[in-house]
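What the coordinates show
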Amino acid sequence: MIRSEETIPKANVISQRPAAGAAVRWYAASVFPGKEDVAERHLRMQGFDPFVPRCEKTTRHARRIETRPAAYFPGYMFIALDVALQRWRSVNGTFGVRSLIMQGERPLPVPSGLVERFIALTGGDGLLDFRGGLTAGASVRILSGPFAEMIGRLDRLDPAGRARVLVAIMNGEIPVDLDSRELVAIA
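Now for a quick tour of the structure. (Residues numbered from 1 in each chain as written. Predicted model: local features only at pLDDT ≥ 70, side-chain atom pairs only at ≥ 80, totals over all residues. Heavy atoms only, no water.)

A few points about the overall build of the protein chain
Across its full length, the protein chain carries three helices and 13 strands. Scored against the burial criterion, the 187 residues of the protein chain give a buried share of 32%. A separation of at least 24 residues holds for 56% of the contacts in the protein chain among residues at least 6 apart in sequence. Counting only carbon and sulfur atoms, one obtains 55% of the accessible surface of the protein chain, whose full area is about 12200 Å². (Helix = DSSP H or I, 4+ residues; strand = E, 2+ residues; numbered from the N terminus. Buried < 20%, exposed > 50% of the residue type's maximum accessible area, 1.4 Å probe, protein only. Contact = heavy atoms within 4.5 Å. Areas by Shrake-Rupley, 256 points an atom, 1.4 Å probe, with all protein chains shown as cover.)

Examining the sheet that holds strand S1 (residues 25-31)
Strand order in the open sheet formed by four strands is S2-S5-S1-S6, and the pairing between neighbours is antiparallel. The sheet is open, and its two edges are formed by strand S2 (49-51) and strand S6 (97-100), each paired on a single side. Adjacent strand axes in the sheet meet at a mean angle of 35 degrees when their direction is disregarded. As paired elements, S1 and S6 share three bridges and run antiparallel to each other. The residue bridging Ala29 from the neighbouring strand is Leu100, located in S6. (Pairing = 2+ DSSP bridges. Axes fitted to C-alpha atoms, helices over the stretch in contact; angles between N-to-C directions.)

Some thoughts on unusual backbone geometry
The phi angle at Arg63 is positive, at roughly 60 degrees, despite the residue not being glycine. Its location among the elements puts Arg63 in the loop between strand S3 (54-61) and strand S4 (64-71). A positive phi angle, near 50 degrees, is found at Met170, a position not held by glycine. Assignment of secondary structure puts Met170 in the loop between strand S11 (162-169) and strand S12 (172-179). Its relative accessible area of 77% is what places Met170 among the exposed residues.

Remarks on the pattern of salt bridges
Pairing is possible between side chains that carry opposite charge, provided their charged atoms lie close to one another. Using the criterion set out here, one finds seven salt bridges in the structure. Salt-bridge contacts for Arg54 lead to Asp37; the nearest nitrogen and oxygen are separated by 2.4 Å. Here Arg54, found in strand S3, pairs with Asp37, found in helix H2 (residues 36-45); they are 17 residues apart in sequence, far enough to count as distant. Close ionic contact of Arg153 with Glu173 constitutes a salt bridge, the shortest N to O distance being 3.0 Å. On the criterion of sequence distance, the pair formed by Arg153 in strand S10 (residues 151-157) and Glu173 in strand S12 is long-range, its members being 20 residues apart. (Salt bridge = Lys/Arg side-chain N within 4 Å of Asp/Glu carboxyl O.)

A short note on helix H3 (residues 114-121)
For H3, the complete set of buried residues consists of Val115, Phe118 and Leu121. For H3, the angular spread of the buried residues around the axis is 120 degrees, confining them to a single face. Buried residues along H3 sit against S1, S2 and strand S5 (76-81). (Arc of directions from axis to C-beta.)

The structure is reproduced here in structure tokens:
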């Protein structure tokens, strides 16, 4: 028989959040479609440290255009874990989470620095902002559209967020007008 005095207080559950240390790594988890917010909230209640990279998504429906924050990787999120100390298997049973991405019997860590880079690119509004470092003459990679994954030189960037990129095609530079959110500066 368990009495209420013998139950674990909620303060102890929250204090199990991992301290920044050498053993804490980021792991990817698959979540149910559109349930990133639910999974993030439930993981935080359990004392885990989740991160969902977000960007603005524009949807059109019935003559109405709506822009709202959405997951940059729909169906996935990142969780900071120390698999030696934390009860990581409880992540798989969290509401909204399908499972951690596994390699055999253990969760597969994401490459070091990847999630940290996404966190550094996250603005005060909680959305990813890839425009950092975009200046005229800089080398850029095009993220989407017919020129996706091509590298070009940023010719100009206007305050409205439009960019002109010179892409090297067939021994010449072709100007391409894009939204600056479709570009990322490369070193």
